[in-house]
Amino acid sequence: MGQTHEVRTQKDDVPIRDEDVDREFKYEVAGHFGGEGLLRCLKCGACSGGCPVGAVTDYRPRKVLGNVLLGLKDLVLSSDDIWMCAACFTCEERCVQEVNFTDVVTILRNMAVREGHASQGYLDMARTVSQHGRVTPVTHSVQRMREKLGLPELQEPDMEELTKILSAAGFDKILAIYTGRDMSE
Amino acid sequence: MKMAIAWGCLVPSRRSLLGYEAATRKVLDHLGVEIVDIPNETCCAPFWMQSLDITTSLALAARNLAKAEQMGLDLLTPCSGCFHSYKRVNHTMKKYPGVKERIQDILRSAGLRYDGTVEARHLVDFLYTDIGMDVIKSKMVRNLDGIELGLRYGCHMLKPHELLNIEYSERPTFADEIIEGVGATSKQYIGRHRCCGGLLRGTDDDLADDVLKERLVDANEADLDSLVTVCSLCHIQHDMGQRIIKNKYGIEDLDIPVLHYPQVLALAFGFSPKEIGLQQHTVSTSKLVAKLKMTAKEGGEA
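Source: prediction; values computed, not measured.

**Q** Got a minute to help me understand the overall build of chain A in this structure?
**A** The helix and strand tally for chain A stands at 10 helices and zero strands. The linear arrangement of helices and strands in chain A, starting from the amino end, is α-α-α-α-α-α-α-α-α-α. A compact globule built from 185 residues would reach a C-alpha radius of gyration of about 16 Å, whereas chain A, at 22 Å, exceeds it by more than 25%. With the C-alpha coordinates of chain A rotated into their principal frame, the extents come out at 80 × 35 × 35 Å. Burial statistics for chain A: of 185 residues in total, 48% are counted as buried.

Quick look at the structure:
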């Protein structure tokens, strides 16, 4: 002791302010299918303890859950954190409260996508699928390798069915949010 | 026994994954399982697509299930990502009638119908549960005695177990039993059940590298003849990603071949390394092949 610490008194230093809080946010998330478990979260941290991404970064699933429960909607939806989950489902497997964090992250990502915060990598994959029906288009050299291995010729994906599904699901409108936007910069 | 089969996007179209398809076809044929490819299969829209829009993802996955339902067959897949997608469709349709209705509406607009009657099965679980160790052993031609393998179950075949209903994921044993059953040693090592970071490829490559590096360092310390992966993403990470990790982090002695799970069985069933695509892998499998004491006729040059 005996040391003097700078005392934090400025209002600006308060990490969370009323105007940042959306009290309805957690109910909005919990209202989506798969999100029901959110309100059961005890913030015990078992999710963070088993997280393989947390092992190499300061990403913590518990922090994401905490921020959602606090109602920090804008912060959560615009943050990179929700895109750092590798979907290994370890937290979901271990959670005693069956919060299903991975499903909660899916809901948060879906919301963020509608606000223009989609991951560029995932968008690129979705565009490839919407154009080719598969995430990796088949090249001539792959066709030759398949022949050499005695594998049957690959059937073309049914683009007519796929296009109708994407359109009926409203996915066109989601992709349209990002049309002409070069996010690789 | 007859099953519909969905291969997924990656398995039939990436150089180092073609051996997964080749070995699966050979193994199932050897075991007398008849398979019918899903006609004009489209992407199962796995977790990355769920991240963009879960409803679109479910409807796309349901498209391939609808084709299996039309044929009156259950749906087998070697791809853990596909397996996860198909299981999620059935689970969601059962648990949320409103979502079921929405998925069926979307399918109807594409002239399709899915009532949720198709069981999705993972290849490895199918081999263990429906074929069984006794039959597998009776079909063995070559004992893999002396080969030390590091098996990675991967995440999406097992987790969460309440959705996938195979085995609790923390200490699974069934896939090890098959490997041990054909004579090889399935080595336990630290980190073999941990995520490879595969789904971070494309969103954050540096992060995907950092996670993968941990896995490869663990595997390297285990002194394996080969890793064995079940999941396509695990293979892409550990096999194709190995050189990147070796150079980026300066791990000089990193050189671990990575087999696809059914390739182990195919070798035990007497197929040559060449016909199951071992020469297609990014990390050379030649040391492993030499250890299998192949005769030249069996294609030891792979």
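**Q** Help me understand the pairing of strand β5 (residues 148-152) of chain B, please; the structure alone is not making it clear to me.
**A** Residue and element names in this part refer to chain B. With four of five residues buried, β5 is to be regarded as a mostly interior element. Bridge analysis of β5 against strand β6 (residues 185-186) gives two bridges, and the strand direction is parallel. In the sheet register, Leu 149 faces β6, and the bridge partner there is Ser 186. For β5 and strand β7 (residues 226-229), the ladder comprises four bridges, and the chain directions are parallel. Note on β7: the bridge partner recorded for Leu 149 is Ser 226.

**Q** Where do I start with the interface of chain A and chain B in this structure?
**A** By a widespread convention, an interface's size corresponds to the accessible area lost as its parts come together. In this complex, chain A contributes 62 residues to the contact, which on the side of chain B involves 73 residues. Carbon and sulfur atoms supply 64% of the area that chain A and chain B bury against each other, a total of about 5500 Å² over both sides. Taken together, chain A and chain B are joined by six salt bridges. A salt bridge links B:Arg88 to A:Asp103; the shortest N-O distance between them is 3.5 Å.

Definitions and cut-offs
- Residues numbered from 1 in each chain as written.
- Chains lettered and ligands numbered in written order.
- Predicted model: local features only at pLDDT ≥ 70, side-chain atom pairs only at ≥ 80, totals over all residues.
- Heavy atoms only, no water.
- Helix = DSSP H or I, 4+ residues; strand = E, 2+ residues; numbered from the N terminus.
- Rg over C-alpha atoms; globule rule 2.2 N^0.38 Å.
- Buried < 20%, exposed > 50% of the residue type's maximum accessible area, 1.4 Å probe, protein only.
- Pairing = 2+ DSSP bridges.
- Contact = heavy atoms within 4.5 Å.
- Buried area = accessible area lost by both parts, 1.4 Å probe.
- Salt bridge = Lys/Arg side-chain N within 4 Å of Asp/Glu carboxyl O.

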